[in-house]
Amino acid sequence: MDPIKTINNSEELEFAVFCVENVAARLGINAEDLYKAFTDKSDILNGYIVPEYEILHTQSKEYIVNDIIELMQQRGVTV
């Protein structure tokens, strides 16, 4: 499991918002509900998206969205 990491700068914040908005759009759900699932129901935001920012932000939008959805499925995170 990745270490818990908080957002430290505007680039990480923008990337976190990008991830939440694009995964929500792909799943056809409300971004606020997805954010809650990533923070309250799981550690996907601070335990995966933020710690893996350096690697993830270099990938395509499609790759990032698919990767996060796959992680949600593996961890049983539902919205």
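Preceding this section is the structure that the text describes.
Reading the values: the criteria
- Residues numbered from 1 in each chain as written.
- Predicted model: local features only at pLDDT ≥ 70, side-chain atom pairs only at ≥ 80, totals over all residues.
- Heavy atoms only, no water.
- Helix = DSSP H or I, 4+ residues; strand = E, 2+ residues; numbered from the N terminus.
- Rg over C-alpha atoms; globule rule 2.2 N^0.38 Å.
- Buried < 20%, exposed > 50% of the residue type's maximum accessible area, 1.4 Å probe, protein only.
- Contact = heavy atoms within 4.5 Å.
- Areas by Shrake-Rupley, 256 points an atom, 1.4 Å probe, with all protein chains shown as cover.
- Lys, Arg positive; Asp, Glu negative; His and termini not counted.
- Charge placed at Lys NZ, Arg CZ, Asp CG, Glu CD.
- Salt bridge = Lys/Arg side-chain N within 4 Å of Asp/Glu carboxyl O.

Q: Mind showing me how you'd approach the overall build of the protein chain here?
A: Scanning the protein chain from terminus to terminus reveals 5 helices and 0 strands. Walking the protein chain from its N terminus toward its C terminus, one meets helices and strands in the order α-α-α-α-α. Compactness check: the protein chain gives a C-alpha radius of gyration of 11 Å against a globular reference of 12 Å for 79 residues, within 12% of the reference. Seen along its three principal axes, the alpha-carbon backbone of the protein chain occupies a region of about 25 × 25 × 20 Å. Going through the 79 residues of the protein chain one by one, you find that 38% of them count as buried. Counting only contacts in the protein chain whose residues sit at least 6 apart along the sequence, the fraction spanning at least 24 positions is 69%. As displayed, the protein chain offers around 4,800 Å² of accessible surface, 49% of which is attributable to carbon and sulfur atoms. Taking the 6 positively charged and 14 negatively charged side chains of the protein chain as two groups, their mean positions are separated by 6 Å.

Q: Before we go on, may I ask you to explain the pattern of salt bridges in this structure?
A: In a structure, side chains of opposite charge can pair up when their charged atoms sit close to one another. This structure, assessed with the given rule, holds 3 salt bridges. A salt bridge links Glu32 to Lys36; the nearest nitrogen and oxygen atoms lie 3.6 Å apart. Taken as a pair, Glu32 and Lys36 lie in helix α2 (residues 31-39) at a separation of 4 residues, close to a single helical turn.

What is shown is where atoms sit, not what they do.
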